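Architecture and fold: a report
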Amino acid sequence: MRKVLLAAAVGLLATVSSSALHAETTRIAQIRERLENANQWRDHVMVVAHRGGGVEAQRTRYPENSIAAVTASIELGVEMVELDVQLSKDGEFVVFHDSWLDRSSTCNGVLAERTLSQLQECRLVIEGTGEATAEHIPSLREMLAVTKDRIFVNIDNKLDHDVLPRIVAVAREMGMADQLVVKANLWNAERIRQMKTVLERTGDDVVFMPIMADDAVKDATFLEVATSAFAANAAELINWHQADAPMTDRGGPLFDIRARAVASRGDWHLWVNTYAIANKPGGMLSGGRGDELATLANQPGETYGFWVERGATIIQTDEPTAAIDWLTRNGFRVPYDLSN
């Protein structure tokens, strides 16, 4: 009898171990491992699709912040999508960039003056042409159901920071709070204190990422203070570019050798944004070395290659196809183990 019980126990243990091994080798688990262990993955550059993706070679294929765009980005192989969050009249979170509906949908007026059901009657449009699509304005819950256990989601909260705990609560109800990256601009000690207060109500199962720009943060000292205050896995770093200035040749103070040393010491990723800002100079957030240079000028090495050389291991882009293509061809995409 003891032998039978022992054999059964061993069999159960093997089954549990096999299930645990499978869970740890899923792609979402591998993305998490690379996000949490930057120093072990400096030879792999993660890609974040801005506003869910949807742009290829400066042509909009899918509406921004749409389910179609996010689905295409997942299939492409990005590690994360960035989604913009607004609040409907009846208190439901929706994924949409502007506070006004006119630019990106067939509706017009103020988003916050419509209920979720009214917003979901609005069709998303192709930017530039205004062509209406079958895509509707998705709720946050609806969009997270698409990304769950597949990729991470970077939340761009368009509301007051006090709303952040409620946004995270939606993901927590779905069992995926640990698949979110939330963020906020930091520039001094008071701002750090404010965000710590917000995050105490948000919970420690979500990843928080500081955003720091070189108009306010001038050297690596504050980088170390801010990232260590939150045990950050990454820091979003902005190298502002003015219209009359040449492209950066060094990456600015947030990508210099001291900044890279601080990142290594703290085991966090340097995150750069190469996406465009409407009606602003090309590469506004990346010292002039943005997606336009990579695609319109056909010089991806001067964009993605430049920032990789400056230590960036996460790139947020409007052109995920171009970024992944260049990074793969140049050995900066270590394949995931998808055998299970």
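Here is what the cut-offs are and how they apply
- Residues numbered from 1 in each chain as written.
- Predicted model: local features only at pLDDT ≥ 70, side-chain atom pairs only at ≥ 80, totals over all residues.
- Heavy atoms only, no water.
- Salt bridge = Lys/Arg side-chain N within 4 Å of Asp/Glu carboxyl O.
- Helix = DSSP H or I, 4+ residues; strand = E, 2+ residues; numbered from the N terminus.
- Buried < 20%, exposed > 50% of the residue type's maximum accessible area, 1.4 Å probe, protein only.
- Axes fitted to C-alpha atoms, helices over the stretch in contact; angles between N-to-C directions.
- Parallel < 35°, antiparallel > 145°, perpendicular 65-115°, else oblique.
- Contact = heavy atoms within 4.5 Å.
- Nonpolar A, V, L, I, M, F, W, Y, C, P; charged D, E, K, R; others polar.
- 1 Å grid on protein atoms, 1.4 Å probe; cavity = no way out; pocket = protein on both sides within 12 Å on 5 of 7 lines; lining within 4 Å.
- Points joined across faces, edges and corners; volume = space filled by probe spheres on them.
- Left-handed = near helix turned anticlockwise from the far one by under 90°.
- Polar contact = N/O pair within 3.5 Å; in protein donor to acceptor, adjacent residues only side chain to side chain.
- Pairing = 2+ DSSP bridges.
- Phe/Tyr/Trp six-rings, centres within 6.5 Å; stacked < 30°, edge-to-face > 60°.
- Lys NZ or Arg CZ within 6 Å of the ring centre and 35° of its normal.

A word on the pattern of salt bridges. Scanning all chains against the criterion turns up 18 salt bridges. In this structure, the salt-bridge partner of E64 is R103, at a minimum N-O distance of 2.8 Å. Here R103 lies in the loop between β5 (93-95) and α4 (116-119) and E64 lies in the loop between β3 (59-60) and α3 (67-76), a separation of 39 residues in the sequence. Residue E64 is classed as buried on the basis of its relative accessible area, which comes to 14%.

We now examine the packing of helix α7 (residues 189-202) against helix α8 (residues 220-229). Interaxial distance between α7 and α8 falls to 11 Å at its minimum, and their mutual angle equals 10°. Regarding the angle of α7 to α8, the classification is roughly parallel. In contact with A189, I192 and K196 of α7, α8 contributes F222, V225, A226 and A229. In terms of residue class, the contact of α7 with α8 is built from six nonpolar, no polar and one charged.

To find the voids left in a structure, one rolls a probe of water-molecule size over its atoms. What the largest pocket holds in volume is close to 430 Å³. Every residue lining the largest pocket is counted, 18 residues in all, and those nearest its centre are V55, T60, E127, A276 and D318. When grouped by side-chain class, the residues that make up the lining of the largest pocket number six nonpolar, four polar and eight charged. Space inside the second largest pocket adds up to approximately 360 Å³. In this structure, the second largest pocket is lined by 23 residues; those nearest its centre are D156, K158, K183, I211 and Y275. If you list the elements that add at least two residues to the lining of the second largest pocket, you get β8 (152-157), β9 (180-185) and β11 (234-238). Of the residues belonging to the lining of the second largest pocket, the class tally is ten nonpolar, seven polar and six charged.

So, about the packing of helix α5 (residues 140-147) against helix α6 (residues 164-173). Relative orientation of the contacting elements α5 and α6 amounts to 45°, with a least axis distance of 10 Å. Taken as axis vectors, α5 and α6 run oblique relative to one another. With respect to the hand of their crossing, α5 and α6 are arranged in right-handed fashion. Along its contact with α5, which presents L140, R141 and L144, the element α6 presents I167, V170, A171 and E173. The class makeup of the residues in the contact of α5 with α6 is five nonpolar, no polar and two charged.

What follows concerns the environment of V206. Mapping V206 onto the fold places it in the loop between α7 and β10 (207-213). Sequence separation between V206 and R172 is 34 residues; the distance between their C-alpha atoms is 9.1 Å. Excluding anything up to four places from it in sequence, V206 contacts V168, A177, L180 and V182.

Turning to its location among the elements, Q86 is positioned in strand β4 (residues 80-87). At 3.2 Å, the side chain of Q86 forms a polar contact with the backbone oxygen of D98. With sequence-adjacent residues up to four places away left out, Q86 is seen in contact with E92, F93, V94, F96, H97, D98, S99, L111, K158 and L159.

With that out of the way, let us pick up the pairing of strand β7 (residues 132-136). Bridge count between strand β6 (residues 123-125) and β7: two bridges; the pairing is antiparallel. Residue pairing in the sheet places R123 in a bridge with H136 of β7.

In this section: the packing of aromatic side chains. A complete count under the given rule lists four aromatic pairs for this structure. With a centroid separation of 6.1 Å and an interplanar angle of 10°, the aromatic rings of W326 and F332 are classed as stacked. Judged by its relative accessible area of 12%, W326 is buried. For F332, a relative accessible area of 25% puts it in the partly exposed group. Grouping aromatic residues by their ring pairs yields a cluster made of F255, F306 and W307. The lysine or arginine in question, R34, covers the ring of W41, its NZ or CZ lying 4.0 Å from the ring centre. The aromatic ring of F306 is capped on one face by R310, whose charged end is 3.9 Å from the ring centroid.

Every regular strand shows the same layout, with side chains that alternate between the two sheet faces. Within strand β13 (residues 312-317), six of the six residues are buried, which leaves it mostly tucked inside the rest of the structure. In this structure, strand β1 (residues 46-49) lies alongside β13, joined through four bridges in parallel fashion. Residue A49 lies in a different strand from β13, and its bridge partner there is T317. Where strand β12 (residues 269-273) lies against β13, four bridges are found, and the strand directions are parallel. Note on β13: the bridge partner recorded for L270 is A312.

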